[in-house]
Amino acid sequence: MEFFTFVVMPPLNVLDQVSQTTIQLILHEPFYGHFLTGLVKELNQEISTISLGVNANKTVKLALNPDFWENTLDEPAQRHGALKHEVLHLVFRHPLQGKQFANRLLFHLAADLVVNQYLTPAQLSKDAITLERFPELQLPPFRSIDTYYDTLNDAWNKTLRQSVVLSPALSQLMLTGGALAGHELWHEEADWLSAAEKKLLDSHLDDLLRTTVQRVGSKGIGTLPRILQTQLQLQSTSAEPSLDWRRYLRLFSGAGQRTYLKNTIRKPSRRYGVNPGLRIRNKHKLLVILDTSGSIGEDEVEAFFNGIQHIWKQGAEIMVLECDTQINNTYIYRGKAPLEVSGRGGTNFDAALEYANHKSAANAVVYFTDGLGPRPTVLCRKPLLWMISERGVVENTPAWMSLLGRKVKMNGSSFLIL
């Protein structure tokens, strides 16, 4: 007689469920899944559904009401659709456009009309804002937010002035405030950012979009609707990095990150139809070499650590290596610069590059230096970026050209921390 032991798996919490849904999107709709991996997620009982918000460092967050996720979005397709809905708002930069429209409620309705057209019927909730909700207005498909806003605004103004209900659904949404459902944090956080703060947030979205496009490649983008492909092309073109060395450093450090799926158990899940042990892992490890030779001034050290803080805030795991003619100190950077650095001798680049080749598991290397020293004889086997201080070697001179790898001149003493 055989006996079987059944192991009851504990239910996944909401954020784990979101991760599982993201994995499914990576497998089947990779653009959306990879985009989501770049967003901070948090639970928020104060909002009604799901909403985009702004973190303290002016990056985007995705907030979810756990009751809504578990009890209202009870179908996998609806969960896919809810997350895709938020990604599409970011692709079209809707959270940054609120102040451009006089009537905020109509703006939020128009934004939902734009993005919901890219979801399948199964991915839409029963109360989703769609063109079909307003048949009297004869809204054309796949138009801009301005087109939908103008049509909705005209209809609502006629309703107010002539006391004639042109669209019952529109009147109900406007009178009950239903247009703000799912957009609460836009209104509370994004709408009231200063121009400088919006620029930081817009820059973050540029980087997030560019990284996602690089990860999924042309094949992943090619599965999207043609109109959305065009939108992404326009966004990517406008987001091309300028010669700003700060942005170049951020882009280089982000290139060390790769998203991949990891199996944690062998057998497929009977509950999910996929392997529940799949986890999203981000490889994002950098070796940052700090020139601590005697030619480096205290202001340069400060600028170097501002740069390290800048890329650390983007989510990188950073190993710092202090080096002059030899390696003097190594440590994991955790968001705070040391009181002093070790070294202050001569300069030799080879010791640090040997360490990068043979002892470091980093995906890329950033070398902060003035470039003043003997020509390195060791060729770095990993992507290498030389960050040359403002007082360092001059561009296109023999000393500059002797540093093999990408080189960027730091033309300022500090970073703008994002």
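From a predicted model like this one, the values you see are computed outputs, not experimental measurements.

Things to note about the nonpolar core
Logical step 1: Ranked by internal contacts, the top residues of the largest apolar core, which has 65 residues, are Phe-31, Phe-134 and Leu-170.
Logical step 2: The dominant element in this core, judged by the number of residues it contributes, is helix α5 (residues 104-116), at eight residues.
Logical step 3: If near-sequence neighbours (up to four positions away) are discounted, Phe-134 is found in contact with Leu-113, Ile-129, Leu-139, Ser-167, Ala-169, Leu-170 and Leu-173.
Logical step 4: Core analysis: the next-biggest nonpolar cluster, separate from the first, contains 25 residues, Leu-286, Phe-305, Ala-316 and Met-410 among them.

Describing the pattern of salt bridges
Logical step 1: Within the structure shown, the criterion is met by nine salt bridges.
Logical step 2: In this structure, Glu-189 and Lys-61 form a salt bridge, with 3.6 Å as the shortest nitrogen-oxygen distance. Note that Glu-189 is positioned in helix α8 (residues 184-190) and Lys-61 in strand β3 (residues 60-64), a separation of 128 residues in sequence.
Logical step 3: The salt bridge partner of Glu-298 is Arg-344, with a shortest N-O separation of 2.9 Å. You can see Glu-298 sitting in helix α12 (residues 298-312) and its partner Arg-344 sitting in the loop between β7 (327-332) and α13 (350-358), a full 46 residues away along the chain.
Logical step 4: Salt bridges linked by common partners bring Glu-42, Lys-61 and Glu-189 together as one network.

Some thoughts on the pairing of strand β6 (residues 317-323)
Logical step 1: The element β6 is largely enclosed, with a buried count of five among its seven residues.
Logical step 2: As defined by bridge partners, β6 adjoins β7 across five bridges and the pair is classed as antiparallel. Residue pairing in the sheet places Glu-322 in a bridge with Asn-329 of β7.
Logical step 3: The turn joining β6 and β7, which pair antiparallel and follow one another in sequence, is formed by three residues.

What to know about the packing of aromatic side chains
Logical step 1: Applying the stated rule across the entire model yields 13 aromatic pairs.
Logical step 2: Taking the centre distance of 5.3 Å and the plane angle of 85 degrees together, the rings of Phe-349 and Trp-386 count as edge-to-face. Of this pair, Phe-349 sits in the loop between β7 and α13 while Trp-386 is found in strand β9 (residues 384-388), placing the two residues 37 residues apart along the sequence. This pair shows no difference in class: Phe-349 is buried, exactly as Trp-386 is.

Analysis parameters
- Residues numbered from 1 in each chain as written.
- Predicted model: local features only at pLDDT ≥ 70, side-chain atom pairs only at ≥ 80, totals over all residues.
- Heavy atoms only, no water.
- Core = buried A, V, L, I, M, F, W, Y, C linked by side-chain atoms within 4.5 Å.
- Buried < 20%, exposed > 50% of the residue type's maximum accessible area, 1.4 Å probe, protein only.
- Helix = DSSP H or I, 4+ residues; strand = E, 2+ residues; numbered from the N terminus.
- Contact = heavy atoms within 4.5 Å.
- Salt bridge = Lys/Arg side-chain N within 4 Å of Asp/Glu carboxyl O.
- Pairing = 2+ DSSP bridges.
- Phe/Tyr/Trp six-rings, centres within 6.5 Å; stacked < 30°, edge-to-face > 60°.

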